[in-house]
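# Chains, contacts and geometry: an overview
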Amino acid sequence: MTSLPAPARRSRPPRRSEIPPAGPGRRVSGTGSVLGAILDHGPVARSTVARLTGLSPASVTGHVGQLLSRGLVRESAETTGPRGLGRPHVPVEIDTARFLVAGAHIAVAHSTVSLMDLRGRVVAEERKPHRDTDPRRVLHDLAARLPRLTAAHAAGRQVLALGVATGHRVDTAAGVVVDHPHLGWCAVPVREILTDATGLPVHVDSHSRALARAEQMFGEVSTRASTVLLFVGAVVDAAFATSGELHRGPRSGAGSVAHLPLGAGGSGDAEPCGCGRTGCLQSEVSERAMIRRAAEQSLYVGTFQELLDHALAGEPRAVDLFRRRARLVGRAAALLLDMFDPECLVVVEPGAGRLPECLADLREEVGMRSSVCDDPERAVVPSSFTGSVLATAGGAVALGALYTDPLGPWPALPAVS
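The rules we used
Residues numbered from 1 in each chain as written. Predicted model: local features only at pLDDT ≥ 70, side-chain atom pairs only at ≥ 80, totals over all residues. Heavy atoms only, no water. Helix = DSSP H or I, 4+ residues; strand = E, 2+ residues; numbered from the N terminus. Buried < 20%, exposed > 50% of the residue type's maximum accessible area, 1.4 Å probe, protein only. Contact = heavy atoms within 4.5 Å. Areas by Shrake-Rupley, 256 points an atom, 1.4 Å probe, with all protein chains shown as cover. Salt bridge = Lys/Arg side-chain N within 4 Å of Asp/Glu carboxyl O. Pairing = 2+ DSSP bridges. Axes fitted to C-alpha atoms, helices over the stretch in contact; angles between N-to-C directions. Polar contact = N/O pair within 3.5 Å; in protein donor to acceptor, adjacent residues only side chain to side chain.

Moving on, we come to the overall build of the protein. Looking only at helices and strands, the protein features 14 helices and 15 strands. In the protein, buried positions account for 51% of the 417 residues. When contacts within the protein are restricted to residue pairs at least 6 apart in sequence, those whose partners lie at least 24 apart make up 64%. Summing over all exposed atoms, the protein offers an accessible surface of approximately 18000 Å²; the carbon and sulfur share of this is 52%.

As a further point, take the pattern of salt bridges. Enumeration according to the criterion identifies 22 salt bridges in this entry. In this structure, Arg 324 and Glu 284 form a salt bridge, with 3.0 Å as the shortest nitrogen-oxygen distance. With a gap of 40 residues between them, Arg 324 in helix α10 (residues 316–340) and Glu 284 in helix α7 (residues 281–285) connect regions that are remote in the sequence. The two residues Arg 324 and Glu 284 agree in class, both being buried. In this structure, the salt-bridge partner of Arg 331 is Glu 365, at a minimum N-O distance of 3.8 Å. Of the two residues, Arg 331 is situated in helix α10 and Glu 365 in helix α12 (residues 356–369); the sequence distance between them amounts to 34 residues. Using a relative accessible area of 8% as the deciding quantity, one classes Glu 365 as buried. One network of salt bridges, with partners in common, ties together Arg 74, Glu 93 and Asp 95.

Moving on to the sheet that holds strand β13 (residues 245–246). Reading across the sheet, the five strands line up as β13-β12-β11-β14-β15 and stay open at both edges, with mixed pairing between neighbours. Either end of the sheet is taken by a strand with one partner, and the two such strands are β13 and β15 (380–382). Inspection of the sheet shows strand β11 (residues 226–232) paired to strand β12 (residues 236–242) by seven bridges, in the antiparallel sense. The residue of β12 that forms the bridge with Ser 226 is Thr 242. Sheet contacts for helix α6 (residues 207–218): β11, β12, β13 and β14 (344–348); angle to β11, the most-contacted strand, approximately 135 degrees. Where α10 meets the sheet, it contacts β11, β12, β14 and β15, and its direction lies at approximately 150 degrees from that of β11.

With that out of the way, let us pick up the side chain of Ser 208. Mapped onto the fold, Ser 208 is located in helix α6. Separated by 3.1 Å, the side chain of Ser 208 and the backbone oxygen of Ala 238 make a polar contact. Sequence-distant contacts of Ser 208, defined by excluding residues within four places in its chain, comprise Leu 229, Phe 231, Asp 237, Ala 238 and Ala 239.

Residue placement: Arg 251 occurs in the loop between β13 and α7. Distance in space between the C-alpha atoms of Arg 251 and Asp 171 is 7.7 Å, their sequence separation being 80 residues.

What follows concerns the sheet that holds strand β10 (residues 202–206). Spatial strand order, β5-β4-β3-β6-β10: five strands in an open sheet with mixed pairing. The outermost strands of the open sheet, each flanked by one partner alone, are β5 (122–129) and β10. Geometrically, the sheet is characterised by an average inter-axis angle of 20 degrees between neighbouring strands, direction not taken into account. Direction of pairing for strand β4 (residues 110–117) relative to β5: antiparallel, over a ladder of seven bridges. Within β5, the residue paired with Ser 111 across the bridge is Lys 128. Its contacts with the sheet place helix α5 (residues 190–198) against β6 (158–166) and β10, and it is angled at close to 145 degrees to β10.

This is a description of form; function is not addressed.
In structure tokens, the structure reads:
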């Protein structure tokens, strides 16, 4: 194992001038377009893939041949047209029997490692609290957990890569967590550390962008054209995409919505924020704020999950807290809808995903406040991955890279001829 310089612990947020520009985004290759069409429609004939992608039949045949040789797709049983009419064809589909990807999500209080098949289905996951938030210790602990999870659940399938997702500012091209104030991380070379510790290709992104990509690949169809994803947890941030392309910004800062002003202090009960103001989105709706407000109502819980369990069981104070949160999130959602006018806004928040009254409150708030959204029932949707959000986020980073460039440098795959 090579010696790496110790990553910096955060003492202050980096200034814009100190953050190097992010690298250019990677566009989907022709083979990636073919693989995406097979993911969406498989088992599917090559002729149909050509029609869906706009590529020539000869090009599609070549791309499919390369995907078959790499073990990413397989041929299904030969079929013919109705009543045996038409020429037989051999459909192709994603091969889930040979490979997996690993995922890691680094939250404020805990981390989750997972395994995911090539169709985006979570095979296994394990969540553990941090012993402390020293970046090197957290990352090496993640690396140590992966072999055990793989041995127990991979069932002979080989892990292609590791995807890592976390909150706040992440430079995907460099594989660096630029700034995560809740963890105290600044300029942490996550890719370098984990590549050295695991021997796997490592891909790193923010959890909001990872989940937006997961929706595009495996979830809500309406996210394909344009989408905003709003992540509400211990950290609050967002992602937005147009024409399937996620926007990162020149300093990897796109989606930093934690300090959107909600005007929530009209009643004098606004939460103070670390930025020195009150009524910021994150300070009002974060998990820490929810636990504190629960205690003010003599509902004492040790973790946010306990508070959610109370709400799911129908405890009135807990339900009221989640409904208040949903209305505040609805204010932010209305602002984002008016700012970006997306086809779809995805809310990653457990109340909206699991309590129907919270989703109804959120949509009602959007309907009252947004000037461009005329159908909140259609435009505002909960996450497709409620219940497995954190396990999905990390794996989606790796799968996003694979589906973008399936002929790229993936050491576990056969070489492209």
